[in-house]
Every structure is written in structure tokens, then in C-alpha cells.
Amino acid sequence: MVHLWVEGVWELIMGAILSFLLIKLTGVDREVIEKWLYVIVGFTFLSGILGTGHHYYWIGTPRYWLLIGGVFSALEPLAFLAMAIYAIAMARRGGRTHPNRISLQWTIGCAVMSFVGAGFLGFAHTIPQVNKYTHGTLVTAMHGHMAFWGAYAMLVLAIISYTLPFLTGRKRHDATSASFAFWTSNVGMIAMTLAFAVAGVTQVVLERRVGMDFVTVQTEIEMHFWGLLLAAGLFILGIGAFVWNFIRHGWPVAELGASGEGLDARPAAGATGAATGAATAS
Ligand code: HEM
Ligand code: HEM
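Conventions and cut-offs
- For every chain, the first residue of its written sequence is number 1, and the numbers climb from 1 along that sequence.
- The order in which chains are written sets their letters, starting at A; the order in which ligands are written sets their numbers, starting at 1.
- Since the coordinates come from a predicted model, pLDDT governs what is reported: local features require at least 70, and pairs of side-chain atoms require 80 or more to be given and counted, while whole-chain, interface and lining totals use all residues.
- Helix and strand assignments come from DSSP, with helices taken as H or I runs of at least 4 residues and strands as E runs of at least 2, each series counted from the N terminus.
- The exposure label follows from counting other C-beta atoms within 10 Å of a residue's C-beta, where the C-beta atoms are placed from the backbone and the thresholds are 20 or more for buried and 12 or fewer for exposed, leaving partly exposed in between.
- Think of it this way: build a C-beta for each residue from its backbone, and any pair within 7 Å is a contact.
- The C-beta atom of each residue is placed using the backbone, and any residue whose C-beta lies within 6 Å of a molecule or strand is treated as near it.
- Think of it as three bins: nonpolar holds Ala, Val, Leu, Ile, Met, Phe, Trp, Tyr, Cys and Pro, charged holds Asp, Glu, Lys and Arg, and polar takes everything else, Gly as well.
- In this analysis an axis means a line fitted to C-alpha atoms, helices contributing only their contacting stretch, and an angle means the value between N-to-C directions, from 0 to 180 degrees.
- Roughly parallel refers to an angle under 35 degrees, roughly antiparallel to one over 145, roughly perpendicular to one between 65 and 115, and oblique to any angle outside these ranges.
- It is the rotation of the near helix from the far one that decides the hand of a crossing: anticlockwise by less than a right angle makes it left-handed, clockwise makes it right-handed.
- Expected helix span is taken as 1.5 Å per residue step, with the number of steps being one fewer than the number of residues.
- Defined on buried residues, the nonpolar core groups Ala, Val, Leu, Ile, Met, Phe, Trp, Tyr and Cys residues joined through C-beta atoms within 7 Å.

1. Focus on the overall build of the protein
Looking only at helices and strands, the protein has eleven helices and zero strands in total. In sequence order, the secondary structure elements of the protein are arranged as α-α-α-α-α-α-α-α-α-α-α. Put simply, the protein has 282 residues, and 41% of those count as buried. When contacts within the protein are restricted to residue pairs at least 6 apart in sequence, those whose partners lie at least 24 apart make up 79%.

Encoded structure:
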């Protein structure tokens, strides 16, 4: 049932937050952005609710779930693809002139990575004929990680990056550590996904095709877990940089008066009050 949440409800929330960020960061008209939002969210529900049926394959439900789950879940990636194309198109249309580039980076990154993780890698194992072999293996973990990272984590980091300058009055979103955090965590997560993928496919072949037992297979694929740990190290380094940037530059007004950074912030229309307020408070 949790999948009705990730494949239905969350995508609605994700679409809404992405649209908010796109309106603020690209300057494209709200009507244009919202028109596409309705189309995408409509398609999400159409495919997502019955698409959840791909979790009913092997739990003793009637056989027709193989067909319903297979067909509708195979349509779900289209909603994610639409979301990614929509975000990129709006950013292009807006000309990427907003000073908070790092927030736009997280926003576009969220749309793209959720398509790859949830849409593409979800599709990779959603057809019953494939899922029969991959069910409950590291192939699932491969998809789960990138889907969660793209659709949940990156969205949260995008909205934090967007709001931080308003809350602190500082233009620190331009810091090198912010960019380092984006690229390092993403490269780390891509490498982690690859490690899970290689381990997962090997596990499927050895366990489900060759017939070796679970524990023996786990020792056979141990090497890929070392790869996973290396990739995870990179990922953690990126997240560490984000947290460092957040604490260092997200701290409220204490250092504002001395450095005068608050005055450099260029908040979008409507938020001037917050930034000025912060600067005054110092
Ligand atoms: C934001 C969207 C999504 C997130 C966060 C997500 C995350 C996850 C996670 C964490 C699991 C593992 C669940 C468990 O072990 O109980 C899972 C399973 C699965 N997901 Fe997704 N998912 C998303 C969307 C999708 C989409 C769009 C598809 C299909 C196109 C899909 C296909 C699957 C399948 C087939 C499984 C079951 C794998 C198995 O049989 O072991 N997911 N997903
Ligand atoms: C810091 C590096 C991380 C490492 C080394 C790591 C490793 C793992 C491992 C080994 C599993 C068990 C896989 C299995 O045996 O099926 C797992 C499960 C899981 N992890 Fe991570 N993980 C990391 C970060 C994350 C992050 C950042 C997220 C979400 C954004 C996440 C979400 C999940 C989920 C949803 C599951 C359950 C997947 C399933 O049911 O198949 N992990 N993780």
C-alpha cells in the first residue's frame, strides 16, 4: 500500500512543488506552468493508481493483476518523462536568469533523476515476466535508491536551496560548496545505483536462473558491495558538503552585519520583505 503513496500521492505533491519552484525560478507564466501540471498529474493518477497493481503479482491475488499491474505501471514512466521534459522546457523558456542557480539545478535534477530512477529503472522490472525473476532482489534496491533520491530527497534539497537565501538574507547559494554538494552527491548516487544494478543482475542470474542458494550468492557478489561502499562514500561526501553549507551559511543573521552579505541577496519579487527584515535585524 505504501506504493499508492509513492506512485500516486507523492507525485502530485512533487508536481506541485516543482511547479512552484519553476514559477519562481524561471519566471514563466503561472498559467502555462499550471496547464501542464494538470495534464501531468492527471496522467500520473490514471497510470499510478492501477499501476500499483505491480505489487500484487506474487501475494496470492487473482491472476488478472498481472495484466492490470503490468499495463498500467508500464505507463507510469510517461508521467515521469513528461515531468522531466516539462522542467527542462520551462527552464529554457525562462532563460535561466535567476540568481539562485543552484536551486534551479536541484529542481531540474529532481525531475531528471526521478525519471531515471522511478520511471526508467521502475519500468525495467515492472513487467510480470521480468519481475518474476527480479522480485525482492538487489534490482529492487537499485530502483528504490535512485527513485527515492530523485523524487524525494532532491526535491527537499531544491526547496531548501530556494528558501535559504530568503531566510538568511545571504547570497550564499553561489558558494562552491553548494555546487560541489550537488555534483558529488549525484555522481555518488549514480555510482551506487550502478553497483546495485550489477550486484542485482548477477544475483538474479545465479539465484533465480542457475539455482544457487541465497547465502552462497551473497558471498559471490560481495565484491559489488565494496563498490557500493566506495560510491556511498562519494555520496556521503556530497551530502556532508550540503549540510556544511547549510550550517555555515544558513545560520541566521549573526554574521550579517559584519560581512554585509545580506545586502547582496537578490530575492525574487515578493520576498524582499523577508531579506530586508533579516538584514535589519542584524
Ligand atoms: C517516486 C516514485 C517511486 C519510488 C520512490 C519508488 C520506490 C520503490 C521502492 C523503495 C521499492 C521497494 C519496495 C519494497 O522493497 O517493498 C519499489 C519497488 C518497486 N517499484 Fe518503485 N518507486 C517509484 C515508482 C515506481 C514506478 C513508476 C514503477 C514502474 C514503472 C515502479 C516499479 C516498482 C516495482 C515493480 C517494484 C517491486 C519490485 C519487486 O518486485 O521487488 N516504481 N519502488
Ligand atoms: C549512504 C549510502 C547508502 C547505502 C550504502 C545504502 C545501502 C542500502 C542497502 C545495502 C540496502 C538493502 C538492500 C537489500 O538488501 O535489498 C538499502 C535499502 C534501502 N535504502 Fe539505502 N543506502 C544508502 C542510502 C540511501 C538513501 C540516500 C536512500 C533514499 C534516498 C535510501 C533508501 C533505501 C531504501 C528505500 C531501501 C529499501 C529498498 C528495498 O526495499 O529494496 N538509501 N540501502
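Let us keep going from here.
2. Quick notes on the site of ligand 2
Taken together, Leu138, Thr140, Ala141, Gly144, His145, Phe148, Trp149, Ala153, Leu228, Ala232, Phe235 and Ile236 make up the full set of residues near ligand 2. Among the secondary structure elements, those contributing two or more residues to the shell around ligand 2 are α6 (138-168) and α9 (222-250). At eight residues, α6 tops the list of elements feeding residues into the shell around ligand 2. Its residues placed into classes, the shell around ligand 2 shows nine nonpolar, three polar and no charged.

3. A closer look at the environment of Leu18
For Leu18, the location among the structural elements is in helix α1 (residues 2-26). Taking the C-alpha atoms as reference, Leu18 lies 9.9 Å from Leu104; in sequence the two are 86 residues apart. With near-sequence residues (within four places) excluded, Leu18 lies in contact with Met83, Ala87, Thr107, Cys110 and Ala111.

4. Quick word on the site of ligand 1
Lining the immediate surroundings of ligand 1 are 23 residues, of which Ala118, Gly122, Gly144, Ala147 and Ala151 lie closest. Looking at the shell around ligand 1, the elements that each hand over two or more residues are α1, α3 (64-94), α4 (101-123) and α6. In terms of residue class, the shell around ligand 1 is built from eight nonpolar, 13 polar and two charged.

5. Side note on the packing of α4 against α6
At a closest axis distance of 8 Å, the pairing of α4 and α6 adopts a crossing angle of 165°. Put simply, α4 runs roughly antiparallel to α6. In the crossing of α4 with α6, the sense of the turn from one axis to the other is left-handed. Residue composition of the contact of α4 with α6, grouped by class: 17 nonpolar, nine polar and no charged.

6. Comments concerning α3
Since the α-helix packs 3.6 residues into each turn, any two residues three or four apart lie on the same face. With 31 residues, α3 ought to run about 45 Å at 1.5 Å a step, and its terminal C-alpha atoms sit 46 Å apart, in line with that. Immediately downstream of α3, the backbone of Gly95 shows phi near 80°, a positive value.

7. Quick notes on the environment of Phe20
By secondary structure assignment, the location of Phe20 is in helix α1. Among the residues examined, Phe20 registers 16 C-beta atoms within 10 Å and is labelled partly exposed. A C-alpha to C-alpha distance of 9.3 Å links Phe20 and Glu34, two positions 14 residues apart in sequence.

8. Observations regarding helix α7 (residues 176-210)
Under the 1.5 Å per step criterion, the end-to-end length of α7 is 49 Å for 35 residues, consistent within 8% with the ideal 51 Å. Where α7 terminates, the next one or two residues include Gly211, which has phi positive at roughly 95°.

9. Quick word on the nonpolar core
Residues Leu18, Met83, Ala87, Cys110, Met154 and Ala158 are the most contacted members of the largest nonpolar core, which totals 54 residues. Where this core is concerned, the elements lending two or more residues are α1, α2 (30-51), α3, α4, α6, α7 and α9. Counting residues per element, this core draws most heavily on α6, which supplies twelve residues.

10. As for the environment of Gly122
The residue Gly122 is located in helix α4 in this model. Distance from Gly122 to Ala147, taken between C-alpha atoms, is 8.1 Å for residues 25 residues apart in sequence.

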